Amino acid sequence: MESHHQLINMCKISKVTVKDLPKINELENLLNLNKTKLNFFNQTSSNENFKFIKLVLKKQIIGLLQFSLNKSDCDIISIGVLQKFQNMGYGKLLVEYLKSLNLKNIFVEVSTNNVNAIMFYYSLNFFKIGIRKDYYKKFRSDAILLKLENVN
């Protein structure tokens, strides 16, 4: 049996392609994330300021990360790891990828109901910078704005 360390070292991070979209949509559905529509994907795939990557382990997409960036900052739009691979360091691997881009700051907003995500970001040294009241109408919750600064 392979250890978590060995499995993390076997992971590959690469750009999402249109061919990956059905599997990505399946993953988004399992994680209760907004589904990436083909039209949106096509519009953003040629945009240098928008990136969509996948985390692959043994030919299976186990994670995803959508983000927008400018010269020094990045906004996480969507991030997720299959439930059976959560709490094993794979989400951290995705954030580490962002940190490797020599950014000054990484920002993310999370529903105040999503305690696991908030604790995940706090464990990576993100800190609260604000609240958006009633931001998630669907979940009837506020959004907590988090920031990781001086990344590089």
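A brief look at the structure comes next. (Residues numbered from 1 in each chain as written. Predicted model: local features only at pLDDT ≥ 70, side-chain atom pairs only at ≥ 80, totals over all residues. Heavy atoms only, no water.)

**Remarks on the state of the cysteines**
In total, this model carries zero disulfides according to the counting rule given. Residue Cys-11 stays outside any disulfide, its sulfur separated by 19 Å from that of Cys-74, the closest cysteine. A residue is classified by how much of its surface remains accessible, and Cys-74, at 0% relative accessible area, is buried. (Disulfide = S-S within 2.5 Å. Buried < 20%, exposed > 50% of the residue type's maximum accessible area, 1.4 Å probe, protein only.)

**What to know about unusual backbone geometry**
Among all residues save glycine, negative phi is the norm, and among peptide bonds the norm is trans. A positive phi angle is found at Lys-59, which is not glycine, with a value near 65°. Note that Lys-59 resides in the loop between strand E2 (50–57) and strand E3 (60–69). You can call Lys-59 exposed: its relative accessible area is 86%. (Helix = DSSP H or I, 4+ residues; strand = E, 2+ residues; numbered from the N terminus.)

**Structural notes on a nonpolar patch on the surface**
On the surface, Val-115, Met-119 and Tyr-122 cluster together to form a nonpolar patch covering roughly 290 Å² of accessible area. A relative accessible area of 49% means that Met-119 is categorised as partly exposed. (Patch = residues over 30% accessible without salt bridge, like charges linked within 9 Å, V, L, I, M, F, W, Y side chains within 5 Å. Areas by Shrake-Rupley, 256 points an atom, 1.4 Å probe, with all protein chains shown as cover. Salt bridge = Lys/Arg side-chain N within 4 Å of Asp/Glu carboxyl O.)

**Things to note about the environment of Asp-134**
Counting through the fold element by element, Asp-134 comes out in strand E6 (residues 127–136). Placed 23 residues apart in sequence, Asp-134 and Ser-111 show a C-alpha to C-alpha distance of 9.5 Å. When near neighbours in sequence (up to four residues on either side) are disregarded, Asp-134 contacts Ser-141 and Asp-142. (Contact = heavy atoms within 4.5 Å.)

**Describing the nonpolar core**
Within soluble globular proteins, side chains that are nonpolar generally end up buried alongside one another. Counting 41 residues, the largest nonpolar core has Leu-65, Ile-76, Tyr-90, Ile-106, Val-110, Tyr-121 and Phe-126 as the members making the most contacts within it. Those elements that provide at least two residues to this core are helix H2 (21–30), E2, E3, strand E4 (73–81), helix H4 (90–99), strand E5 (105–111), helix H5 (115–123) and strand E7 (141–149). (Core = buried A, V, L, I, M, F, W, Y, C linked by side-chain atoms within 4.5 Å.)

**Overview of the packing of aromatic side chains**
In the structure shown here, the tally under the stated rule is seven aromatic pairs. Ring geometry for Phe-120 against Tyr-121: centres 5.1 Å apart, planes inclined by 65°, an arrangement best described as edge-to-face. Judged by centre distance (5.0 Å) and plane angle (65°), the rings of Tyr-121 and Phe-126 are edge-to-face. Residues Tyr-121 and Phe-126 agree in their burial class; the two are buried. Three or more aromatic residues joined by ring pairs make a cluster, and in this case those are Phe-120, Tyr-121 and Phe-126. Across from the ring centre of Tyr-135, 5.6 Å away, lies the NZ or CZ of Arg-132, which sits over that ring. (Phe/Tyr/Trp six-rings, centres within 6.5 Å; stacked < 30°, edge-to-face > 60°. Lys NZ or Arg CZ within 6 Å of the ring centre and 35° of its normal.)

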